[in-house]
Amino acid sequence: MEIAIPLANELEVRISEAFCIFDIHGDKYIDTRNVGNVLRFLGCVPTEKEVNQVIAATESAENPGETHLQKFMAHLSPLLMDRKMEPASAEQILAAFEVLDPENKRFLTKEYFGKLMKEEGEQFNDDEMKAMWRVAIDPITENVPYVFYINQLKHKTTIYDVAEVLKEELASNDKEKKKERNPMP
Amino acid sequence: MLRSCVCLQNGGSGKRRSSSVEDASSCRSSEIERVGASMQTTTLGSNGQPQTLTPPTSTRASSLLQLFQRKGWCKHFRKPLRGMSATRAEKTIRAAIFIQKWYRRHQARQEMRKRCNWQIFQNVEYACEQDQAELYKFFNDLIKHMPQAIEAGNKGQTSKQSIGPEKSATLYEETGEMARIQLELPIQKKHIDLMIDVFRKKRGNRLHPKYVCMILREAAKCLKQMPNLWMVSTAVSQQVTICGDLHGKLDDLLVVLYKNGLPSASNPYVFNGDFVDRGKRGLEVLLLLLSLYLAFPNAVFLNRGNHEDSVMNARYGFIREVEGKYPRNHKRLLSLIDEVYRWLPLGSILNNRVLIVHGGFSDTTNLDLIKSIDRGKYVSILRPPLMDGEALEKAEWQQIFDIMWSDPQASQGCKPNALRGAGVWFGPDTTELFLKRHRLSYVIRSHECKPNGHEFMHDNKVITIFSASNYYAMGSNKGAYMRLNNQLVPHFVQYISAASQTKELSFKQRMGIVECAALKELAVRMREHRDELEADFKKYDPDDSGCITISKWCFVMENVTKLGLPWRLLRDKLAPGTDSQCVNYVRTLDLLDTDVIMEAEADGTSVMDALYANKASLETIFNIIDADHSGEITLDEFEKAIDLLVAHMPGVYSKDEMLEKCRMMDLNGDGKVDLNEFLEAFRLSDLSRKEQQEEYLRKRSTCQRPSESVTRLADTISRNTLVVEHDIDPTDCEAKVVGQKS
């Protein structure tokens, strides 16, 4: 709030808005533990590994444990323009669930799904598990009707479109510059 | 078969989950949550069938039930990947990661909503504090530019700052219900029990004003004997309890006393300031704390906070509370309260090792200097301590400010606290130097609301403790108190008061309440800039279509309010019913004009209201402007002051308006303004401002009605922010002990 960082384009405005929610003091620093939240709120769907990569790339050298907006924007903008960490379609998530449901019962048991989330892949901790059950479980059958669950997880993302627009703008600017430097005879 | 199904047995602790990252997107979330939470205690019935809470009602559900009863689904509860081929296992893991990352994004959105609400509350609160702090800076500047104000030997001094309350003034009888108890000095435990019993009730909880006066007067008398910093020791008690901000939350104070016991030689307490303002029971909290101090003088240590200050109380509700409760005696009571404030010590030192102050410290804080100050000079911390021409020790004034208003920050360095407008932000390096210089182990402070009631910073050297639960809204945060053992190792007890009221609600409802409360506060704050907003919106809408782009809308909002909020996230709340391409700003303005927001605004106090209500501040301004102490100010003297006033309170009055005001003030037309004319002018201009507003409202109400989505939102806000008073039941709390950090 007090320290103004110039925002060059719409993409940076969006990133900055999501970032600054976690900026408690208005000094454009956030706790690195919130980087994942910022990415996800913007609309990206990174794996934990990808989040850690972003943290490592953007963590402040002068203030470890903190991330500064400038560095974050500089690192993230090209990633967004490259469509990294982009959300997949609903069909792809459905396909993932179907891998887990070979008998095609259209639901998973709480036991199986719980164990999988807790023990495999990028495991959920206790808090994440508890919070997940609120979304995932059908209280009547006590199973995970994953088609319904998928509908709870879908959210519209526009950040990649914004990134695309910027990418095109930059590309056409480059073309203009090239033309200026090498004018056609 | 079903007997061996692990998932249906009594798993988990069956305890209700404490508030953390939660979700509310499902339309059946309340049902899901309720059943989901109780699911862990689902048991097997005697016939081996699982007992569920509700019978399967839909045919789909019952066919699924049959499905898993029939087929051998139990194999799924063996370790998921055992017995699979390598590629299949790989695929499964990849699927798991895929699902996990999707789920985490969903959770992040919920976390975001929570943060957003929190940020609204905090930024609006601090922006208001900034206004108050502006007053402090204004005074500073005024004094700097008018050094003659500090001359000794003035005549006809009208300042009332140094005069204590008259002892012979009569008390008037109040109308309405009054508690029938009788109190007398010395205050003892039995009186405390009586008082708690009275204050607990939602009706008939007022003491007779004579007892209020008695407690206030006696407390001020005793506090005056105390040094600037309490010296607290655990030598006898082997432990000590520290409480942070209470802000008029009597229910929280009663929870603490209930869970932790009344003070005694073996159970000492330190209360770290901010007893009043914002909450509705500030007077009861203050009286109870002072009574506890009088009853157990060696076991209760009260530190002054930045809200123990009549200038703050004028803005943040305590003065209104006292006016409302004792309409015929409030002036007398408030002046007695001022006496208590000025004699409240400024902090405590525990076992010579731990400093306990309300805000924090700066790189120039000097405890020896603080110990030597004549603290009685500072009736209000925001107003310069001009007393009969004594020289103003600005450095001294700054010292007090810093310990009352500062906040810790994560990054290094020490810089002025721009968020609050006063005090500093101090970094870990400042902490280290400060502790070393004063040979201390760590610092305990309050001043900032934390979701869990407490927070460690600076490598555990700075601990924040905040004791007002549900501070911003029901369900917004927990409160906590700290207990230190003889080695001064802390643990915390977190709680929410009136817990049953929150537990009855689903997560979605709770979120809704906090969100509505946040919106209401934000909308009230936005009203202060309503005309400016309208003008700026129209600037970007040349066709007068009523719509502008999202980016422009966000830009205007931030440019005018300067609140640093995520406007894009708030768009669909503040301009309800608009689509994703543009924003119908008329709806934003309409929202500000709805009854619920206008009523909330009337309930609060603006800067100018507060300024006027604080006569002493106006007098001080007058006395400073009156550079030659003639008892009157000339246009010349006033013009100098206007420049400063306009610089500090932009948007309130322009220079021409102020000059005009001065001419208007000269009621008897002799070219000069005396104190009475000065005060009268403020009252009149305040009156005319209110009349203008009413006129404006009358005009608007004859225009078109607001859109349906705005009306709907206003109704929701109104419903969700309705507060119902109950008797206080301190046992109705959800307390949890939290161990120390290693």
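Being a predicted model, the structure only gives us computed values, none of them experimental.

## Things to note about the overall build of chain B
And then number 1: When helices and strands are tallied, chain B shows 26 helices and 19 strands.
And then number 2: In chain B, buried positions account for 57% of the 742 residues.
And then number 3: For chain B, the proportion of contacts with a sequence separation of at least 24, taken over those separated by at least 6, is 75%.
And then number 4: In the form shown here, chain B has an accessible surface area of approximately 32100 Å², with 51% of it arising from carbon and sulfur atoms.

## Description of the pattern of salt bridges
Any two side chains of opposite charge can pair if their charged atoms end up close together.
Residues and elements named next belong to chain B.
And then number 1: Counting across every chain of the model gives 37 salt bridges over all chains.
And then number 2: Asp-193 serves as the salt-bridge partner of Lys-189, at 2.8 Å between the closest nitrogen and oxygen. With Lys-189 and Asp-193 both in helix 4 (residues 189-200) and 4 residues apart, the pair spans about one turn of that helix.
And then number 3: Accessibility expressed as a relative area gives 43% for Lys-189, which makes it partly exposed.
And then number 4: Ionic pairing is found between Lys-377 and Glu-396, a salt bridge with its closest N-O pair at 3.0 Å. Within this pair, whereas Lys-377 is found in the loop between helix 11 (367-372) and helix 12 (394-405), its partner Glu-396 is found in helix 12, the two being separated by 19 residues in sequence.
And then number 5: By relative accessible area, which is 11% here, Lys-377 ends up buried.

## Quick notes on the side chain of Asn-37 of chain A
And then number 1: Locating Asn-37 of chain A in the fold gives a position in helix 2 (residues 35-42).
And then number 2: Look past the residues within four positions of Asn-37 of chain A in its chain and what remains in contact with it is Phe-22 of chain A together with Ala-108 and Glu-111 of chain B.

## Focus on the UniProt feature "domain: EF-hand" (unreviewed entry) in chain B
And then number 1: Taking the UniProt record as the reference, the feature "domain: EF-hand" (unreviewed entry) is found at residues 528-563, 613-648 and 653-688 of chain B.
And then number 2: Between the C-alpha atoms that bound residues 528-563 of chain B there is a distance of 13 Å. The span itself is 61% helix and 8% strand.

## Side note on the packing of helix 16 (residues 530-539) of chain B against helix 17 (residues 550-561) of chain B
Residues and elements named next belong to chain B.
And then number 1: The contact between helix 16 and helix 17 brings their axes to 10 Å, and the two run at 145°. With respect to the hand of their crossing, helix 16 and helix 17 are arranged in right-handed fashion. Counted together, Glu-532, Leu-533, Asp-536 and Phe-537 of helix 16 and Trp-553, Val-556, Met-557, Asn-559 and Val-560 of helix 17 form the full contact between these two elements.
And then number 2: Classifying every residue of the contact of helix 16 with helix 17 gives 6 nonpolar, 1 polar and 2 charged.

## Focus on the confidence of the model for chain A
And then number 1: Mean pLDDT over chain A works out to 83, with 95% of the residues at or above the 70 mark.
And then number 2: Of all helices and strands in chain A, the one with the weakest mean pLDDT is helix 8 (residues 146-153) of chain A (78), whereas helix 3 (residues 48-58) of chain A scores best (92).

## Brief notes about the environment of Asn-477 of chain B
All names here are of chain B.
And then number 1: Along the chain, Asn-477 falls in the loop between strand 12 (462-465) and strand 13 (479-485).
And then number 2: Sequence separation between Asn-477 and Leu-288 is 189 residues, and the spatial gap between their C-alpha atoms is 24 Å.
And then number 3: Look past the residues within four positions of Asn-477 in its chain and what remains in contact with it is Trp-118, Cys-449, Lys-450, Pro-451, Phe-466, Ala-468, Ser-469, Asn-470, Tyr-471 and Tyr-472.
And then number 4: Polar side-chain contacts of Asn-477 include one of 2.9 Å to the backbone nitrogen of Tyr-471.

## Quick look at the domain arrangement of chain A
A common way to state how big an interface is: give the accessible area lost once the parts meet.
And then number 1: We note that the domain assignment places domain 1 (1-87 + 158-185) and domain 2 (90-153) within chain A.
And then number 2: Using C-alpha coordinates to define each centre, domain 1 of chain A is positioned 32 Å away from domain 2 of chain A.

## Overview of the UniProt feature "domain: EF-hand" (unreviewed entry) in chain A
And then number 1: The positions that UniProt labels "domain: EF-hand" (unreviewed entry) are, in the present scheme, residues 88-123 of chain A.
And then number 2: Overall, residues 88-123 of chain A shows 58% helix and 6% strand. The separation of its end C-alpha atoms is 20 Å.

## As for the sheet that holds strand 4 (residues 300-302) of chain B
Pairing between the strands of a sheet comes from backbone hydrogen bonds, and it takes one of two forms, parallel or antiparallel.
Residues and elements named next belong to chain B.
And then number 1: Taking strand neighbours across the sheet as the criterion, the 6 strands line up as 4-3-2-13-14-19 in an open arrangement whose pairing is mixed. Both outer strands of the open sheet, strand 4 and strand 19 (736-738), are each paired with one neighbouring strand and no more. Ignoring strand direction, the axes of neighbouring strands in this sheet form an average angle of 20°.
And then number 2: With 3 bridges connecting them, strand 3 (residues 269-271) and strand 4 associate as parallel partners. From the neighbouring strand, Val-270 faces strand 4, where its bridge partner is Phe-301.

## Describing the sheet that holds strand 6 (residues 354-356) of chain B
Residues and elements named next belong to chain B.
And then number 1: The sheet built from 6 strands is open, its strands ordered 1-5-6-10-12-11 with mixed pairing. Across the chains shown, the open sheet's two edge strands, defined by having one partner strand only, are strand 1 (229-232) and strand 11 (454-457). Shown here is a sheet whose adjacent strand axes are inclined to one another by a mean of 20°, direction ignored.
And then number 2: The pairing of strand 5 (residues 347-350) with strand 6 spans 3 bridges and is antiparallel. Bridge pairing links Leu-350 to Val-354 in strand 6.

## Some details on helix 18 (residues 567-574) of chain B
And then number 1: Considered for burial, the residues of helix 18 of chain B that qualify are Trp-567, Arg-568, Leu-570, Arg-571 and Leu-574 of chain B. In an axial view of helix 18 of chain B, the angular spread of the buried residues amounts to 150°, which keeps them on one side of the axis.

## What to know about the nonpolar core
All names here are of chain B.
And then number 1: Ranked by internal contacts, the top residues of the largest apolar core, which has 83 residues, are Leu-207, Phe-271 and Leu-288.
And then number 2: The element contributing the most residues to this core is helix 7 (residues 282-295), with 11 residues.
And then number 3: The residues contacting Phe-271, other than those within four sequence positions of it, are Cys-243, Leu-246, Leu-253, Leu-289, Val-300, Phe-301, Leu-302 and Asn-303.
And then number 4: Within the second largest apolar cluster, 80 residues are counted, among which are Tyr-316, Phe-401, Ile-548 and Tyr-585.

## Points about the packing of aromatic side chains
Residue and element names in this part refer to chain B.
And then number 1: Applying the stated criterion across every chain yields a total of 19 aromatic pairs over all chains.
And then number 2: With a centroid separation of 5.6 Å and an interplanar angle of 90°, the aromatic rings of Phe-456 and Phe-492 are classed as edge-to-face. With Phe-456 in strand 11 and Phe-492 in strand 14 (residues 490-495), the pair connects residues that are 36 residues apart, well separated along the chain. Like Phe-492, Phe-456 is buried.
And then number 3: For the ring pair Phe-537 and Tyr-585, a centre distance of 5.1 Å and an interplane angle of 25° mean the geometry is stacked.

## Description of the state of the cysteines
As used here, a disulfide is simply a covalent bond connecting the sulfur atoms of two cysteines.
Residue and element names in this part refer to chain B.
And then number 1: The final tally for this structure, using the stated rule, is 0 disulfides over all chains.
And then number 2: This cysteine, Cys-213, is not joined by any disulfide, and Cys-222 carries the nearest cysteine sulfur, 16 Å off.
And then number 3: Accessibility expressed as a relative area gives 0% for Cys-213, which makes it buried.
And then number 4: Cys-243 provides the cysteine sulfur closest to Cys-449, a residue in no disulfide bond, and the two sulfurs are 15 Å apart.
And then number 5: Under the relative-accessibility criterion, Cys-449 is labelled buried at 4%.

## What to know about helix 7 (residues 126-136) of chain A
And then number 1: Buried within helix 7 of chain A we find Met-129, Ala-131, Met-132, Trp-133, Arg-134, Val-135 and Ala-136 of chain A.
And then number 2: In this structure Asn-125 of chain A caps helix 7 of chain A, since a side-chain oxygen of it lies 3.1 Å from the backbone nitrogen of Asp-127 of chain A.

## A few points about the side chain of Asp-101 of chain A
Residue and element names in this part refer to chain A.
And then number 1: Summarising the element assignment, Asp-101 is placed in the loop between helix 5 (90-100) and strand 3 (108-109).
And then number 2: No salt bridge is formed by the buried Asp-101; the nearest opposite charge belongs to Lys-105, separated by 4.2 Å.
And then number 3: In terms of polar contacts, Asp-101 uses its side chain to reach the side chain of Tyr-146, at 2.6 Å.
And then number 4: If we skip the residues at most four places from it in the chain, Asp-101 touches Arg-106, Phe-107, Leu-108 and Tyr-146.

Calculation criteria
- Residues numbered from 1 in each chain as written.
- Chains lettered and ligands numbered in written order.
- Predicted model: local features only at pLDDT ≥ 70, side-chain atom pairs only at ≥ 80, totals over all residues.
- Heavy atoms only, no water.
- Helix = DSSP H or I, 4+ residues; strand = E, 2+ residues; numbered from the N terminus.
- Buried < 20%, exposed > 50% of the residue type's maximum accessible area, 1.4 Å probe, protein only.
- Contact = heavy atoms within 4.5 Å.
- Areas by Shrake-Rupley, 256 points an atom, 1.4 Å probe, with all protein chains shown as cover.
- Salt bridge = Lys/Arg side-chain N within 4 Å of Asp/Glu carboxyl O.
- UniProt positions renumbered as here; feature names shortened; annotations may be inferred.
- Axes fitted to C-alpha atoms, helices over the stretch in contact; angles between N-to-C directions.
- Left-handed = near helix turned anticlockwise from the far one by under 90°.
- Nonpolar A, V, L, I, M, F, W, Y, C, P; charged D, E, K, R; others polar.
- pLDDT = per-residue confidence, 0-100.
- Polar contact = N/O pair within 3.5 Å; in protein donor to acceptor, adjacent residues only side chain to side chain.
- Domains from an automatic or database assignment.
- Pairing = 2+ DSSP bridges.
- Arc of directions from axis to C-beta.
- Core = buried A, V, L, I, M, F, W, Y, C linked by side-chain atoms within 4.5 Å.
- Phe/Tyr/Trp six-rings, centres within 6.5 Å; stacked < 30°, edge-to-face > 60°.
- Disulfide = S-S within 2.5 Å.
- Lys, Arg positive; Asp, Glu negative; His and termini not counted.

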